[in-house]
Amino acid sequence: MVEFTLPKNSKVKPGKIHKLKGAEEAHEKDIWRLHVYRYDPDTEENPRLDVFEISKDACGTKVLDALLKIKDEIDPSLTFRRSCREGVCGSCAMNIDGTNTLACTKEMDDSKKDIMVLPLPHMHVVKDLVPDLSQAVDQYASVQPWLKADTPAPGERERLQTPEERAKLDGLWECILCFCCTTSCPSYWWNGDRYLGPATLLQANRWIEDSRDDHTNERLEALDDAFKLYRCHTIMNCTKACPKNLNPAKAIGNIKKKMMDKSE
Ligand code: SF4
Ligand code: SF4
Ligand code: FES
């Protein structure tokens, strides 16, 4: 039988427990208890799960509120990304209770018991809850996510679309590039160096569908590759994971259909 060994220092160990103290002590039902992944590349130590008790009386209700409170009042070394606090920047994506989602929109009371907070899965961890998204961002840049028009801009006015043409971008433009979908995709886990993943493919489809873009065929040809596009096996984890309720699997299906239409 094949035997696997984990890489050195990969085992996640129990960490520090930060209990509520003194006047803050509260009944169990009035506490949120978060188990938070900690990893510091500057030490030789294994990753660990620290436990933080937060009084419901003293904190907002979202996971990001608790992380900010922990950073402000308990452990300033806790590291995570965030910016908008309202689900539009995509920075605070992480894995909460086993699901990739946004910490700023995730209600802590959704959890039936303790709240598990981990970085997005299957990515290298820079520190604590910060994944290394360099590869995913480079892949996004590779689809040239900007308008490529061959005609000069029409003077004072924007390039016009009919309502029908504009409607084709709905369900695509709303993507906030949080990569919750990409990091939940098994095909990306195994072939992330060559498969572009659902976030980038949804964005590619956004430009393929744009009536103002003159490079549709060139965009399709660039994706016509056994790995870049066709590693998607319609498992649908991506669509289930999207916190903006978008459908990357459908967008990928649309690219495949356009590819077939082009070759007929
Ligand atoms: S549908 Fe495609 S992109 Fe989405 S999770 Fe499945 S394999 Fe990945
Ligand atoms: S499709 Fe959804 S999950 Fe994927 S990057 Fe865009 S907003 Fe995030
Ligand atoms: S902080 Fe911007 S999406 Fe959460």
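Details of the structure are given in the entry above.
Described in the following lines is the structure provided in the data block. Worth saying up front: this structure is predicted, and the values here are computed from it rather than measured. (Residues numbered from 1 in each chain as written. Chains lettered and ligands numbered in written order. Predicted model: local features only at pLDDT ≥ 70, side-chain atom pairs only at ≥ 80, totals over all residues.)

## Let's talk about the overall build of the protein chain
Okay, step 1: Of regular secondary structure, the protein chain possesses 8 helices and 8 strands.
Okay, step 2: Projected onto its principal axes, the C-alpha positions of the protein chain cover 70 × 55 × 30 Å.
Okay, step 3: Counting only residues that meet the buried cut, the protein chain has 32% of its 264 residues in that class.
Okay, step 4: Look at the contacts in the protein chain between residues 6 or more apart in sequence, and 67% of them connect residues 24 or more apart. (Helix = DSSP H or I, 4+ residues; strand = E, 2+ residues; numbered from the N terminus. Buried ≥ 20, exposed ≤ 12 C-beta atoms within 10 Å, placed from the backbone. Contact = placed C-beta atoms within 7 Å.)

## Quick word on the pairing of strand E5 (residues 99-102)
Okay, step 1: As paired strands, strand E4 (residues 93-96) and E5 are joined by 4 bridges and run antiparallel to one another. Looking across to E5, one finds that Ala93 is bridged to Leu102.
Okay, step 2: From the end of E4 to the start of E5, which pair antiparallel, there are 2 residues, and Asp97 there has a positive phi angle of about 55°. (Pairing = 2+ DSSP bridges.)

## As for the site of ligand 1
Okay, step 1: Every one of the 13 residues lining ligand 1 counts as a neighbour, but Cys185, Pro198, Cys232, Ile235 and Cys238 are closest to it.
Okay, step 2: Element by element, the count of residues in the shell around ligand 1 is highest for helix H8 (residues 248-263), at 3 residues.
Okay, step 3: When grouped by side-chain class, the residues that make up the shell around ligand 1 number 9 nonpolar, 4 polar and no charged. (Near = placed C-beta within 6 Å. Nonpolar A, V, L, I, M, F, W, Y, C, P; charged D, E, K, R; others polar.)

## Digging into the sheet that holds E4
Okay, step 1: If you walk across this open sheet you meet the 6 strands as E1-E3-E2-E6-E4-E5, and the pairing is mixed. Unpaired on one side and paired on the other, strand E1 (13-18) and E5 mark the two borders of the sheet. Adjacent strand axes in the sheet meet at a mean angle of 30°, parallel and antiparallel pairs treated alike.
Okay, step 2: Sheet analysis places strand E2 (residues 31-38) next to strand E6 (residues 115-118), joined by 3 bridges and oriented parallel. (Axes fitted to C-alpha atoms, helices over the stretch in contact; angles between N-to-C directions.)

## Let's talk about the packing of helix H6 (residues 216-223) against H8
What describes two packed helices is the angle between their axes and the distance between those same axes.
Okay, step 1: Between H6 and H8, the least distance of the axes is 10 Å, while the angle of their chain directions is 110°. With respect to H8, the axis of H6 lies roughly perpendicular. Each of Asn217, Leu220 and Leu223 in H6 lies in contact with H8, whose residues at this interface are Ile255, Lys258, Met259 and Lys262.
Okay, step 2: Its residues assigned to classes, the contact of H6 with H8 comprises 4 nonpolar, 1 polar and 2 charged. (Parallel < 35°, antiparallel > 145°, perpendicular 65-115°, else oblique.)

## With respect to unusual backbone geometry
Okay, step 1: Phi angles above zero are rare outside glycine, and Asp97 is one such case at about 55°.
Okay, step 2: Mapped onto the secondary structure, Asp97 falls in the loop between E4 and E5.
Okay, step 3: With phi around 75°, Met236 is a residue other than glycine that occupies positive phi space.
Okay, step 4: Structurally, the position occupied by Met236 is in the loop between H6 and helix H7 (237-241).

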